Structure formats: C-alpha cells, structure tokens
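Residue strings, one per chain:
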Amino acid sequence: MTPVETGKTLGLVRPPVLGAVQRFTHPSGFSAPIIFLENSASMKATAFLKKMRVGEARYYSRSGDLYRSCVSNLAKQLATAVARHTGAFDAILAPPSEDHLAGPYRQALFEKLTIRTDMTNRFGQHQKLQTEFKSNLNAVANSLTYSRPNDEAQIGSLLFVDDSIWSGDTVAAMVAKLQDCGLRTDCKVTVAVALWITE
C-alpha cells in the first residue's frame, strides 16, 4: 500500500529508521505524499543542500566536496525510507539538472525498489533556471522540454525524486506536463527528497 492509498492526509511519522512522511500541497493544487530524511547524521550535507537551493553555495566547492563524500549514504537512507512505505512504482522521475544532483538518489531508489520505467531522460530544459527559489511555476514549466513516447496513460504510480524541494514548482510543473500528455489524474504520485525546506 502506498502512502496515498491510506485515503487521508498523512501526519508526521517518526519511525526508527531516518525518514518522515507528510503531505505536500502546491498552490497550483498538486498534492502528494512526500518522503524525506530528517534528523540526518549528515547535518552539514543537508545544510549544503539548503544553501544550494537558495543559490548561496556552489556544487563544485569545498562544501560541495563534503556533500559528495556522503551523498551515497544519504541516498541509501532515502531509499530505505521509501521502501518502508512502498516497494514498487510504475515509473521514476527526476528533474533535469546539469549537476545531476538527483542522480545518486534516483539510482539508489532504482536499486532498492521495483520500478518499471525511468522517465527522467524524457525531460530537458530550454534554459537553466538559477534556482527554484528565484523561479515560479510558469518559468519552470516554460523551461521544460518533453519527449513523448505515448505510454503516459499506462503509468498508475510515479515516484518523483530530487535532492531537495522548496516551493515544489519543479515537481508540479513536470507532473502537469505529463498530465497534458496523457498521465491519468488518478496516478499515485509520491515525492522523495533528502531535504524538504519548509522555511
């Protein structure tokens, strides 16, 4: 059973293994369970992710070196947290990124779960946005390209993965693009991130 199948808004879960589940709702109306790490032993790494998201840190820097040295452990923690709630998805999706920030998390989830299709390479960007913080839903949507194979209606469950999330414009825009191409509105979407920035 996936988190969305409980039929109710999910409250904060504090299991023994690192990870939490809440419901994420975007102003556009998009809503999905979000699984994220909390109380991570790698606090410096998650602090770096937050600085990256707001444009205060660079991926190729000394703090970026520290993050890359522990990202595989963070990715395994996230995969374990997601696996506790559900073990299978029809598809996985990560946003396009020059730095491939979501890559280690996507790979760990792909190895841990049963996932039929990876939709990540179907998306691209016309232009790179500075940060999600300095963007908005329309800017993100307009920056995306999508190569359509016409199998979207067959996807009943979708796992969106990224290193971090703040406004949620990226996931909302990508899901909307997929729905425009035939993804069913009842598709069970779950979001998985190492860091959910809520402040």
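This report concerns the structure included in the present document.

Criteria and thresholds
Residues numbered from 1 in each chain as written. Predicted model: local features only at pLDDT ≥ 70, side-chain atom pairs only at ≥ 80, totals over all residues. Heavy atoms only, no water. Helix = DSSP H or I, 4+ residues; strand = E, 2+ residues; numbered from the N terminus. Buried < 20%, exposed > 50% of the residue type's maximum accessible area, 1.4 Å probe, protein only. Contact = heavy atoms within 4.5 Å. Areas by Shrake-Rupley, 256 points an atom, 1.4 Å probe, with all protein chains shown as cover. Pairing = 2+ DSSP bridges. Axes fitted to C-alpha atoms, helices over the stretch in contact; angles between N-to-C directions. Core = buried A, V, L, I, M, F, W, Y, C linked by side-chain atoms within 4.5 Å. Expected span 1.5 Å × (residues − 1). Salt bridge = Lys/Arg side-chain N within 4 Å of Asp/Glu carboxyl O.

Some points on the overall build of the chain
Within the chain one finds 5 helices and 8 strands. Beginning at the N terminus, the succession of helices and strands in the chain can be written as β-β-α-α-β-α-β-β-α-β-β-α-β. When the 199 residues of the chain are sorted by exposure, 50% land in the buried category. Long-range pairs, those at least 24 residues apart, make up 73% of the contacts in the chain with a sequence separation of at least 6. Summed over its atoms, the accessible surface of the chain is roughly 9,700 Å², and 48% of this surface lies on carbon and sulfur atoms.

Re the sheet that holds strand β2 (residues 31-36)
Taken in spatial order, the 6 strands line up as β1-β2-β8-β7-β3-β4 in an open sheet, and their pairing is mixed. For this open sheet the edge positions go to β1 (20-25) and β4 (114-118), each flanked by a neighbour on one side alone. Going from strand to strand, the sheet's axes swing by 35 degrees on average, the running direction of each strand aside. Sheet contacts for helix α2 (residues 62-85): β1, β2, β3 (88-93), β7 (157-165) and β8 (188-196); angle to β2, the most-contacted strand, approximately 125 degrees. Against the sheet, helix α3 (residues 103-112) contacts β3, β4, β7 and β8, and its axis sits at roughly 145 degrees relative to β7.

Regarding the nonpolar core
Tyr67, Val82, Tyr105, Leu109 and Leu159 are the most contacted members of the largest nonpolar core, which has 33 residues in total. Residue assignment for this core shows that the elements contributing at least two residues are α1 (43-53), α2, β3, α3, β7 and β8. The dominant element in this core, judged by the number of residues it contributes, is α2, at 9 residues. The residues touching Leu159, leaving out its near neighbours within four places in the chain, are Val82, Phe89, Ala91, Ile92, Leu93, Leu109, Leu113, Thr190 and Ala192. Phe123, Tyr146, Ile155 and Ala173 belong to the second-largest nonpolar core, a separate cluster that totals 30 residues.

Observations concerning the pairing of β1
Where β1 meets β2, 6 bridges bridge the pair, whose relative direction is antiparallel. Bridging from a neighbouring strand, Phe24 pairs with Ala32 of β2. Count of turn residues in the β1/β2 antiparallel hairpin: 5 residues, of which Gly29 carries a positive phi of about 110 degrees.

Things to note about helix α5 (residues 169-180)
For α5, spanning 12 residues, the distance from its first C-alpha to its last is 16 Å, which sits close to the expected 16 Å at 1.5 Å a residue. With its phi angle positive at about 115 degrees, Gly182 sits one or two positions after the end of α5.

Focus: the pattern of salt bridges
Under the counting rule described, the total for this entry stands at 5 salt bridges. Measuring nitrogen to oxygen at the nearest pair gives 2.3 Å for the salt bridge that ties Asp65 to Arg68. One end of the pair is Asp65 and the other is Arg68, both in helix α2 and 3 residues apart, which spans about a single turn. A relative accessible area of 43% means that Asp65 is categorised as partly exposed. Here Arg68 falls in the partly exposed class, since its relative accessible area comes to 28%. Between Asp118 and Arg106 there is a salt bridge; the shortest N-O distance is 2.9 Å. One end of the pair, Asp118, is in strand β4; the other, Arg106, is in helix α3, with 12 residues separating them in the sequence. Given the relative accessible area of 28%, Asp118 is considered partly exposed.

A look at the pairing of β2
Among the 6 residues of β2, 5 are classified as buried, and the element is accordingly described as predominantly covered. Note: β2 against β8, 3 bridges, orientation parallel. By the bridge assignment for β8, Phe36 is matched with Val193.

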